Amino acid sequence: MTISERIFELLAAKGISQKKFSEATGIPQSTISDWRKKKTNPASDKIMIIAHTLEVTPTYLLSGVEPDGARGKGLEYLVVDKTSRDGVLLEHYHNLSLGEQERLMGYAQAMVEMKGKQ
């Protein structure tokens, strides 16, 4: 299913007309109509306002999948901000050699197991 098809499905499910959707998002009705007629998708700069208006996450709007499995099956990946502690840790991990990565994974596993025994 395309992004625009998902949008129209959500509009129908929520009983929102294209006119009301246009007013809520500031997107011209003609543009919304083009998504249906020409089978195109909205521009990337509109995704956040569309997701907010339809009360779904951008992830759901783009993929049809919610992390909690509420719609479709759950995600098999994490999205991490590169500037967060997790992101910095992953960046360091990827700068290690394969052998160093394996040793680090072994160390992390041993720490988890030790914590479980406490």
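## A word on the packing of helix 2 (residues 18-25) against helix 3 (residues 29-37)
1) Next: The geometry of helix 2 relative to helix 3 is characterised by a closest axis approach of 9 Å and an angle of 120° between their N-to-C directions. When the axis of helix 2 is compared with that of helix 3, the two are oblique. Judged by the twist between their axes, the crossing of helix 2 over helix 3 is right-handed. Between helix 2, through Q18, K19, F21 and S22, and helix 3, the contact on the second element is made entirely by Q29, I32, S33, W35 and R36.
2) Next: Taken together, the residues that form the contact of helix 2 with helix 3 break down as 3 nonpolar, 4 polar and 2 charged.

## Side note on the packing of aromatic side chains
1) Next: In total, this model carries 0 aromatic pairs according to the counting rule given.
2) Next: Over the ring of Y60 we find R6, and its NZ or CZ is 5.8 Å from the ring centre.

## Overview of the environment of I27
1) Next: Positionally, I27 belongs in the loop between helix 2 and helix 3.
2) Next: Take I27: its relative accessible area is 2%, and that puts it in the buried class.
3) Next: Separated by 22 residues in sequence, I27 and I49 have C-alpha atoms that sit 9.5 Å apart.
4) Next: Dropping the residues within four chain positions of it, I27 is found in contact with S22, I32, W35, K46 and I50.

Cut-offs used in this document
Residues numbered from 1 in each chain as written. Predicted model: local features only at pLDDT ≥ 70, side-chain atom pairs only at ≥ 80, totals over all residues. Heavy atoms only, no water. Axes fitted to C-alpha atoms, helices over the stretch in contact; angles between N-to-C directions. Helix = DSSP H or I, 4+ residues; strand = E, 2+ residues; numbered from the N terminus. Parallel < 35°, antiparallel > 145°, perpendicular 65-115°, else oblique. Left-handed = near helix turned anticlockwise from the far one by under 90°. Contact = heavy atoms within 4.5 Å. Nonpolar A, V, L, I, M, F, W, Y, C, P; charged D, E, K, R; others polar. Phe/Tyr/Trp six-rings, centres within 6.5 Å; stacked < 30°, edge-to-face > 60°. Lys NZ or Arg CZ within 6 Å of the ring centre and 35° of its normal. Buried < 20%, exposed > 50% of the residue type's maximum accessible area, 1.4 Å probe, protein only.

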